[in-house]
Structure formats: C-alpha cells, structure tokens
Amino acid sequence: MSRIGRKPINIPAGVDVTISGNVVTVKGAKATLSQEIHPNITVTKEDNIIHVTRPNDNKENRSLHGLSRTLIDNMIIGVTEGYKKELDVNGVGYRVAKQGNELVMNLGFSHQVIMPEIEGITIECPSPNKIIVSGPDKQKVGQFAAEIREKRLPEPYKGKGIKYVDEVIRRKEGKAGKGSK
C-alpha cells in the first residue's frame, strides 16, 4: 500500500470539499479549486476526513493512488494558506518592476521583457531584484515562476540571471589564460 496514498486528509475549518463522481472541488477563503481524479481511484469523505483508495495493486493504480491524495491535499493547503515562490535577480543592470498587472524585467537584452499576470497568480516586486509569485494553485505558481526564470537562466561563471531564493548555483572557474613567457 502507498505510504502517502493511505494517509487520511484532514479538512480544516472553513474549507468545504465536494466530491461529485471523479471531480473533487475544494472551496476555501482564498479560492475555489477543482481537480478531476482518475476513475480507478475512489475518494470518500467521512465527517472532516477524506480517504483515497485504489481497487488493486496494478502498477498504474499504485502510482495514481499517491498522486491523487497529494493533489487533493495541495488543493486544501492552497485554499487555506496559498503557495509562494520567491526569485532573485542577479546581475549588473538587471532589475524588475511591476507596472499595472504586468511584470517588466530589464535583463541585459536590448528590450524589456514583459510578462502579464495570469488569472489566479499574484506577482509582487518588493525590491528591484526580487520577485514573489503567489497563488492558491501550486501547479500554476510553480509553472509561472519557472517561465519567469526561463527568461534569463542563471549562468555558472558570474552567477548572473534569475534564480529561486533557495537554489544554489554551482560556480565554475573561468578560462585559464596562458602564462607570461
């Protein structure tokens, strides 16, 4: 049995979970999220606890068991606390700013890189070299942060680029020059 899949999910106060067929809808203070669960997986709600079960030990069902439980748990955490990704911008002249609902980035190109805020995601720029992406949907927050990072990946020689706050860039030594004769 899956160690993650068999854990029960506690529903906190203020969160409403609705299960209709294989669609689970979670409504909380921050947002309403819904997820379609694979038909092989059974989701049941008893009082304030959700149980996720699988019909048999097929390889596909075993992998879907833990995934389904984690997706539901992530939705509950998202509507109560939300998710947040922080990015650092390193480099001379590299800066970011929020103008209206767009993120405007100067990343050493001849033009500014502009990314519009998507639905369900909030962008903050507390300083010219920090970006905070937050929202209730873990997947959307992670995907949008990855798209921002992709605009200027961190390079290993000087460490310039956009990186996650907790990311460690392995630095490389520069090219060794010829010695004097």
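Residues numbered from 1 in each chain as written. Predicted model: local features only at pLDDT ≥ 70, side-chain atom pairs only at ≥ 80, totals over all residues. Heavy atoms only, no water.

A. Layout of unusual backbone geometry. Located in the positive-phi region is Asp47, a residue other than glycine, with phi close to 55 degrees. With respect to the secondary-structure elements, Asp47 resides in the loop between β5 (42-46) and β6 (49-53). Exposure remark for Asp47: the relative accessible area of 75% places this residue in the exposed category. (Helix = DSSP H or I, 4+ residues; strand = E, 2+ residues; numbered from the N terminus. Buried < 20%, exposed > 50% of the residue type's maximum accessible area, 1.4 Å probe, protein only.)

B. Up close: the side chain of Arg149. Position of Arg149 among the secondary structure elements: in helix α2 (residues 138-150). One polar contact links Arg149 to Glu167, side chain to side chain, over a distance of 2.7 Å. Apart from the residues lying within four places of it in its own chain, the contact partners of Arg149 are Leu87, Pro154, Ile162, Lys163, Tyr164 and Glu167. (Polar contact = N/O pair within 3.5 Å; in protein donor to acceptor, adjacent residues only side chain to side chain. Contact = heavy atoms within 4.5 Å.)

C. Region of interest: the layout of surface pockets. What the largest pocket holds in volume is close to 180 Å³. Considering the residues around the largest pocket, the lining is formed by Leu33, Ser34, Gln35, Leu71, Asn74, Met75, Asp137, Lys138 and Gln139. Secondary structure elements with two or more residues in the lining of the largest pocket: β4 (32-36), α1 (59-80) and α2. The residue inventory of the lining of the largest pocket, partitioned by class, reads 3 nonpolar, 4 polar and 2 charged. (1 Å grid on protein atoms, 1.4 Å probe; cavity = no way out; pocket = protein on both sides within 12 Å on 5 of 7 lines; lining within 4 Å. Points joined across faces, edges and corners; volume = space filled by probe spheres on them. Nonpolar A, V, L, I, M, F, W, Y, C, P; charged D, E, K, R; others polar.)

D. Highlighting the sheet that holds strand β13 (residues 161-164). What the 4 strands build is an open sheet, ordered β11-β12-β7-β13; its pairing is antiparallel. Edge positions in the open sheet fall to β11 (122-127) and β13, since each of these has one partner strand only. Strand after strand, the sheet turns through a mean of 25 degrees between neighbouring axes, direction not considered. Strand contacts of α2: β7 (83-90), β11, β12 (130-135) and β13, with the helix running at about 10 degrees to β7, the strand carrying the most contacts. (Pairing = 2+ DSSP bridges. Axes fitted to C-alpha atoms, helices over the stretch in contact; angles between N-to-C directions.)

E. Here's a closer look at the pairing of β4. Two strands pair when backbone bridges link them, and strand β3 (residues 23-27) and β4 are joined in this way by 5 bridges, in the antiparallel orientation. Bridge pairing in β4 places Val24 opposite Gln35.

F. The side chain of Asn61, seen in detail. Within the fold, Asn61 resides in helix α1. By relative accessible area, which is 3% here, Asn61 ends up buried. Among the polar contacts made by the side chain of Asn61, one reaches the side chain of Asn56 at a distance of 2.5 Å. Every residue in contact with Asn61, bar those within four places of it in the chain, is listed here: Asn40, Ile41, Arg54, Pro55 and Asn56.

G. Quick look at the nonpolar core. Leu103, Met105, Ile131, Val133 and Ile148 are the most contacted members of the largest nonpolar core, which has 20 residues in total. Where this core is concerned, the elements lending two or more residues are β7, β9 (102-106), β10 (113-116), β12, α2 and β13. The biggest single contributor to this core is α2, with 4 residues. The contacts of Ile148, once residues within four sequence positions are left out, are Leu103, Met105, Met115, Ile131, Val133 and Ile162. The next biggest cluster of nonpolar side chains, apart from the first, holds 17 residues, and it includes Val15, Val26, Leu33 and Ile41. (Core = buried A, V, L, I, M, F, W, Y, C linked by side-chain atoms within 4.5 Å.)

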